[in-house]
Amino acid sequence: MEQFQELLSTNPFLLLSYLIGSITFIMGLKMLSHPETARKGNMIAAVGMTLSIFTTIFLYKNHNGEGLHNYVWIFAALVIGTVVGTMAAKKVQMTSMPEMVSLFNGMGGACAMLISLIEYNSDLQPAAGKLIIIVLGMIIGTVSFAGSMVAWGKLNGRIKDRTIPGGQVINFAIFGAVIFLSAMVVGGYTGNHAVFYAILGFAALYGILFVMPIGGADMPVVISLLNSFTGVAAAFGGFLYNNPVMLTGGILVGSAGTILTILMCKAMNRSLMNVLIGSFGAKPGAAGPGGNKEQGNAKEISLNDTAVLMAYAQKVMIIPGYGLAVAQAQHTCHELEKVLTERGVEVSYGIHPVAGRMPGHMNVLLAEADVPYEKLLEMEDANDQMGGVNVVMILGANDVVNPAAKDDPSSPIYGMPILEVEKADHVIVNKRSMKPGYAGIENELFFRPKTSMLFGDAKKVLQDLVSELKNV
Amino acid sequence: MIEQMLAFFNSNYHLITIVILSIFLGIEVISRVPAVLHTPLMSGANAIHGVVIIGAIIVMGEAHEGDILSLVLGFLAVVLGTLNVVGGFVVTDRMLEMFGKKKKK
């Protein structure tokens, strides 16, 4: 109970501000889960955070009753972080939002890691309880940091997908080493600082190897998971300093983040385990049951023919996917829509809820390109209207239009609702190559009689299509 | 070892209660979010765990003048924590701004 006493003896205004901070976090998360209140919720949490930060700086006193010093350092760091953070967040393209979130998440993890590092170095004779907290906070913070950096690198294309043979076994061994060494340090069997740094090294390695084999399209799920890791790391900081706002903030994110991760997987009709070890399924040879079926030849269509087909259509539906985001083609896509509309063609967009493998990704992307809201059809509406559509243009989407989800019970995505593009008269698929989608499953749609393939980078193809259309 | 853990439980009883309740609260608060908001919500939660910065500020503020290593690491920790908080909230706001714009039209 002595720590409880210690908490009571701190400045009541500080505690009050922490209470307000915790409440704003809860309200913020609650409001973030409703479309109308989401933006306000984010603001409220930001206000609570700012309040908690400044009251800590000015009102915090340690158990000897001393306040904080080094104000110059603190404020310099705050200013640098604020300026760089704001600039980075304002400048980032809408298409690269997930990698930005991953980067910021990594910063939080690194922050937790550094706190543990300093605490370990400055307290020579820590109690076992405190040591556990320091070590666990360090491990989780480091895994989150290293993993987030890899996720960031993979999303912006700097790091390629790589599967190490026996990767799961190596990971398991590293995880074991982390646990073993931690037990040695916490149990007091060794006071050697080198062991502590070895734990840090192994944890970093684990974070890297854990994220490395996961496919780029699954990254949002991984980021969400690492996000909740950082939350837990922050909560360990709360234990370390008896700090209620760090505790509530961290644990809230930890549990909400975990649920969110599971919800994201559900929206893709997959399990978390499937995402985390799914890299096995994506390897050639294990391309799913559809892979060994004899597929016909896919039919190609020229740009010119596509332009003619679209120009004389009455209704065109555009179905965007991850490929559109990768090619940053949302503005060009809007241009195509305008050119077609000028010719009297009715254009709409069919938005699958998990198109782009990041829920809501396409809505944000197309909203950025000023595509009118009423042109964006949700999946049910899109499917209802599909029958009257002459040309469906699929831009870099794959699994969300794969008929195997309806017809093939042995397919990994069986049961996932899809956009039923085959109800339209013509289906044109723009892809960079015949490579299967993230799930590594062949898409039979590409070989169906109604389907024509238009290969190339989405942005380039759309630009050419727009200029072709002007000549038709 | 077991005695130590019991002692730890004893002295941290109220914190452990907060943890357990917060876990349930986190699950409850989030469980009915529409898929469209998954990404902004993830980003907002990302900003909230930036609360770890408070630990960094305490470490930094308690470091001794002569302890260069702690000062440098603490400084770095505050910078990174601020990046997490500020960047996180600003990015989330930008994402949600798009939704707002979309709604008005």
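Predicted, not measured: the structure shown is a model, and the values here were computed from it. (Residues numbered from 1 in each chain as written. Chains lettered and ligands numbered in written order. Predicted model: local features only at pLDDT ≥ 70, side-chain atom pairs only at ≥ 80, totals over all residues. Heavy atoms only, no water.)

Caption draft 1: Quick peek at the side chain of A:E99. Residues and elements named next belong to chain A. Following the sequence through the fold, E99 ends up in helix α5 (residues 97-122). Buried and unpaired, E99 has R158 as its nearest opposite-charge partner, separated by 6.3 Å. The residues contacting E99, other than those within four sequence positions of it, are W152, L155 and N156. (Helix = DSSP H or I, 4+ residues; strand = E, 2+ residues; numbered from the N terminus. Buried < 20%, exposed > 50% of the residue type's maximum accessible area, 1.4 Å probe, protein only. Lys, Arg positive; Asp, Glu negative; His and termini not counted. Salt bridge = Lys/Arg side-chain N within 4 Å of Asp/Glu carboxyl O. Contact = heavy atoms within 4.5 Å.)

Caption draft 2: Broad picture of the layout of surface pockets. Considered as a void within the structure, the second largest pocket measures approximately 1200 Å³ in volume. In this structure, the second largest pocket is lined by 44 residues; those nearest its centre are A:H63, A:E119, A:K130, A:L240 and A:Y241. Contributions of two or more residues to the lining of the second largest pocket are made by α1 (2-9), α2 (12-32), α5, α6 (128-155) and α9 (219-240) of chain A together with α1 (2-11) and α4 (53-62) of chain B. Taken together, the residues of the lining of the second largest pocket break down into 18 nonpolar, 17 polar and nine charged. (1 Å grid on protein atoms, 1.4 Å probe; cavity = no way out; pocket = protein on both sides within 12 Å on 5 of 7 lines; lining within 4 Å. Points joined across faces, edges and corners; volume = space filled by probe spheres on them. Nonpolar A, V, L, I, M, F, W, Y, C, P; charged D, E, K, R; others polar.)

Caption draft 3: Structural detail: the packing of aromatic side chains. Evaluated as defined, the whole model comprises nine aromatic pairs over all chains. Plain terms: the ring middles of A:W73 and B:F75 are 5.6 Å apart, the flat faces sit at 85° to each other, and that makes the pair edge-to-face. Here B:F75 lies in helix α5 (residues 68-104) and A:W73 lies in helix α4 (residues 71-91), a pairing that spans two chains. Look at B:F9 and B:Y13: their rings are 6.0 Å apart centre to centre, the planes differ by 80°, and that puts the pair in the edge-to-face class. Residue classification places B:F9 among the partly exposed residues on the basis of a relative accessible area of 39%. Assessed through its relative accessible area of 49%, B:Y13 is described here as partly exposed. (Phe/Tyr/Trp six-rings, centres within 6.5 Å; stacked < 30°, edge-to-face > 60°.)

Caption draft 4: Representation of the pairing of strand β6 (residues 451-455) of chain A in the model. Residue and element names in this part refer to chain A. Among the five residues of β6, four are classified as buried, and the element is accordingly described as predominantly covered. The sheet contact formed by strand β5 (residues 426-431) and β6 spans five bridges and is parallel. The partner of I428 across the bridge, within β6, is S452. (Pairing = 2+ DSSP bridges.)

Caption draft 5: Expanded view of the nonpolar core. The biggest cluster of nonpolar side chains holds 161 residues, and the ones touching the most others in it are A:I318, A:L324, A:L336 and B:I54. One finds A:A382, A:V401, A:V421 and A:V427 within the second-largest nonpolar core, a separate group that totals 21 residues. (Core = buried A, V, L, I, M, F, W, Y, C linked by side-chain atoms within 4.5 Å.)

Caption draft 6: Here's a closer look at the pattern of salt bridges. One pass over the full model with this rule turns up eight salt bridges over all chains. Between A:R39 and B:D93 there is a salt bridge whose closest N-O contact spans 2.8 Å. Residue A:R39 is located in helix α3 (residues 38-59), and its partner B:D93 is located in helix α5; the two belong to separate chains. Taking the relative accessible area as the measure of exposure, A:R39 reaches 35% and is therefore partly exposed. By relative accessible area, B:D93 is classed as buried at 16%. One salt bridge in this structure joins A:R448 and A:E444, with 3.3 Å as the shortest N-O distance. Of the residues examined, A:E444 reaches a relative accessible area of 32% and is grouped as partly exposed. In the salt-bridge network here, residues are joined through shared partners; they are A:D407, A:E422, A:E444 and A:R448.

Caption draft 7: Inspection of the environment of A:P126 at higher detail. Residue and element names in this part refer to chain A. Tracing the sequence through the fold places P126 in the loop between α5 and α6. A relative accessible area of 22% places P126 in the partly exposed class. With 185 residues separating them in the primary sequence, P126 and A311 have C-alpha atoms 75 Å apart.

Caption draft 8: Structural context of helix α8 (residues 193-211) of chain A. All names here are of chain A. If you check α8, its first and last C-alpha atoms are 28 Å apart, about what 19 residues at 1.5 Å a residue would give, namely 27 Å. The complete set of buried residues in α8 reads V195, F196, I199, L200, A203, Y206, G207, L209, F210 and V211. Where α8 starts, the residue carrying a side-chain oxygen 3.0 Å from the main-chain nitrogen of A194 turns out to be N192. (Expected span 1.5 Å × (residues − 1). Polar contact = N/O pair within 3.5 Å; in protein donor to acceptor, adjacent residues only side chain to side chain.)

Caption draft 9: Examining unusual backbone geometry more closely. Residues and elements named next belong to chain A. For N70, which is not glycine, the phi dihedral falls at a positive 60°. Along the chain, N70 turns up in the loop between α3 and α4. Overall, N70 belongs to the buried group, its relative accessible area being 8%. Positive phi, normally seen in glycine, also occurs at D370, with a value near 65°. With a relative accessible area of 39%, D370 lands in the partly exposed category.

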